[in-house]
Amino acid sequence: MKFNVYRNLESALRGLSQRGYRKRFYFGEGLLRSTTTPRTYLPTDLQIVEYHRFRQSDAMGSFHTVYALITNLRESGLFVHAYQANDPLNIIQFLDRVPIFQASPSPLIQAGSMAAH
């Protein structure tokens, strides 16, 4: 298994983008949303391919986590979560329900049977 290691947030974003994770997502109203289209995604519409966590040097208890995601429509993109100790739990609860990518994607994603919302 090959592990991708990045020194900081910027190098992770650059490296993952070069590897094809060009779409960007943000969290809003309980769903992950595309920054470029009106599509929204439930946890079951996504898989986490890899993630990288970085401590912010200027704040105690603050981290950035970069999630490389694949959607049920085979879109590859990134979601950056800037975690702080007093964050609401809804983002974390959402991400906890997103399955981890396996060597072969889940049958539902392979079949393309789920549609983006």
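We now turn to the structure provided with this report. (Residues numbered from 1 in each chain as written. Predicted model: local features only at pLDDT ≥ 70, side-chain atom pairs only at ≥ 80, totals over all residues. Heavy atoms only, no water.)

Focus: the pairing of strand β5 (residues 63–71)
Across the nine residues of β5, nine count as buried, placing the element largely inside the fold. In β5, alternate side chains face the same way, and those of Phe63, Thr65, Tyr67, Leu69 and Thr71 on one face and His64, Val66, Ala68 and Ile70 on the other are all buried. Two strands pair when backbone bridges link them, and strand β4 (residues 46–55) and β5 are joined in this way by nine bridges, in the antiparallel orientation. Note on β5: the bridge partner recorded for Glu50 is Ala68. Pairing geometry for β5 and strand β6 (residues 76–83), over eight bridges, is antiparallel. In the sheet register, Phe63 faces β6, and the bridge partner there is Tyr83. If you look at the hairpin formed by β5 and β6, you'll find four residues sitting between the two strands, and Arg74 has a positive phi there, around 70°. (Buried < 20%, exposed > 50% of the residue type's maximum accessible area, 1.4 Å probe, protein only. Helix = DSSP H or I, 4+ residues; strand = E, 2+ residues; numbered from the N terminus. Pairing = 2+ DSSP bridges.)

Topic: helix α1 (residues 9–18)
Buried residues of α1: Leu9, Ser11, Ala12, Leu13, Gly15 and Leu16, and no others. Packed against the buried residues of α1 are β1 (23–28), β4, β5 and β6. Positive backbone phi, approximately 110°, marks Gly20, located one or two places after α1. (Contact = heavy atoms within 4.5 Å.)

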